[in-house]
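# Secondary and tertiary structure notes
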Amino acid sequence: LQSLANGSARGYGAFVPLGAAGAYESIASATGTGSSGTITFSSIPSTYQSLQIRGIAITSAAARLRMRVNSDTGANYAMHYLVGYGSGVNAGGNSSNDFVGVFSNTNTSTTYPTAFIVDIHNYASTSQNKTIRILSGMEENSTTGEIDLDSGLWINTSAISSLTFYLSTGNFTTITHLALYGIKGA
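Residues numbered from 1 in each chain as written. Predicted model: local features only at pLDDT ≥ 70, side-chain atom pairs only at ≥ 80, totals over all residues. Heavy atoms only, no water.

Before going further, it helps to spend a moment on the pattern of salt bridges. As enumerated under the stated definition, the model contains three salt bridges in all. Residue Glu25 pairs with Lys184 through a salt bridge whose shortest N-O separation is 2.7 Å. Of the two residues, Glu25 is situated in strand β1 (residues 24-31) and Lys184 in the segment after β12 (177-183); the sequence distance between them amounts to 159 residues. Looking at Glu25, the relative accessible area reads 28%, which means it is partly exposed. For Asp98, the salt bridge goes to Arg68, with nearest N and O atoms at 3.1 Å. With a gap of 30 residues between them, Asp98 in the loop between β6 (88-97) and β7 (100-101) and Arg68 in strand β4 (residues 65-69) connect regions that are remote in the sequence. (Salt bridge = Lys/Arg side-chain N within 4 Å of Asp/Glu carboxyl O. Helix = DSSP H or I, 4+ residues; strand = E, 2+ residues; numbered from the N terminus. Buried < 20%, exposed > 50% of the residue type's maximum accessible area, 1.4 Å probe, protein only.)

What follows is the structure in structure tokens.
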């Protein structure tokens, strides 16, 4: 999973917008402090076509990993998820949330990393709501590993200038690392 979070985005073909191969630019990165359950990327430039966040997280307590856009805490988010775990599968969706779930079906681990990739297309547009695509997974060295494929919607036409990742409880350990990339247009 470490290589999933730190690997080249070009290796994840389903997440590369057309015309953007090789056009990833690092914007910012952040590491957990061990004393906070929040990581925020602010002052995101509006000069790219899309954004991608790659992350790997280990937390101090089993928690839900969530994301908010532009500090919006209103019920302006919707999402769908498809989850495979062990020998089972789960799917669902909800609306009127005050966040988008990054690892939607289960909690993070205090021992094993949760790896994820978040794609946000047309994030700088001021004429459309923002769609979010998430691939995440965790392997607990047992049959309870999981992979999630999620889609989210921020129901707002404002350009995205900040993203906040936060835990429902506990803190991000110092092993946690998130990296924000901008993807150029064709």
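Looking now at the sheet that holds strand β2 (residues 38-41). Taken together, the four strands give an open sheet; going across it, the order is β2-β11-β4-β7, and neighbouring strands pair in antiparallel fashion. The open sheet terminates on both sides in strands that have one partner only, identified here as β2 and β7. Bridging between β2 and strand β11 (residues 163-167) involves four bridges; their strand directions are antiparallel. The partner of Thr38 across the bridge, within β11, is Tyr166. (Pairing = 2+ DSSP bridges.)

Note that soluble globular proteins tend to have their nonpolar side chains buried in a common cluster. Residues Ile53, Val118, Ile120, Leu163 and Phe165 are the most contacted members of the largest nonpolar core, which totals 31 residues. Those residues in contact with Val118 that lie beyond four places of it in its chain are Leu51, Gln52, Ile53, Met67, Val102, Ile132, Arg133, Ile134 and Phe165. (Core = buried A, V, L, I, M, F, W, Y, C linked by side-chain atoms within 4.5 Å. Contact = heavy atoms within 4.5 Å.)

This next bit is on the environment of Gly37. For Gly37, the position within the fold is in the loop between β1 and β2. Among the residues examined, Gly37 registers a relative accessible area of 11% and is labelled buried. Taking the C-alpha atoms as reference points, Gly37 and Gly170, 133 residues apart in sequence, are found 5.8 Å from one another. Those residues in contact with Gly37 that lie beyond four places of it in its chain are Phe165, Tyr166, Leu167, Gly170, Asn171 and Phe172.

Right, let's get into the environment of Tyr77. Examined against the element boundaries, Tyr77 turns out to sit in strand β5 (residues 77-85). With a relative accessible area of 0%, Tyr77 lands in the buried category. As a C-alpha pair, Tyr77 and Trp154 span 77 residues in sequence and 4.7 Å in three-dimensional space. When residues no more than four places from it in sequence are discounted, the contact partners of Tyr77 are Arg68, Val69, Asp72, Ser95, Ser96, Asn97, Asp98, Phe99, Val100, Leu153 and Trp154.

With that settled, consider the side chain of Lys130. Tracing the backbone shows Lys130 in strand β9 (residues 130-138). Put simply, Lys130 is tucked away with no salt bridge, and the nearest opposite charge, on Asp72, sits 11 Å away. In this structure the side chain of Lys130 is engaged in a polar contact, spanning 3.5 Å, whose partner is the backbone oxygen of Asn156. Dropping the residues within four chain positions of it, Lys130 is found in contact with Asn122, Tyr123, Ser125, Gly152, Leu153, Trp154, Asn156, Thr157, Ser158, Ala159 and Ile160. (Lys, Arg positive; Asp, Glu negative; His and termini not counted. Polar contact = N/O pair within 3.5 Å; in protein donor to acceptor, adjacent residues only side chain to side chain.)

All right, on to unusual backbone geometry then. Of note, the phi angle at Ser43 is positive, near 55 degrees, even though the residue is not glycine. Within the secondary structure layout, Ser43 lies in the loop between β2 and β3 (50-57). Using a relative accessible area of 67% as the deciding quantity, one classes Ser43 as exposed. One non-glycine residue, Ser96, adopts positive backbone phi at about 60 degrees. Position of Ser96 relative to the elements: it lies in strand β6.

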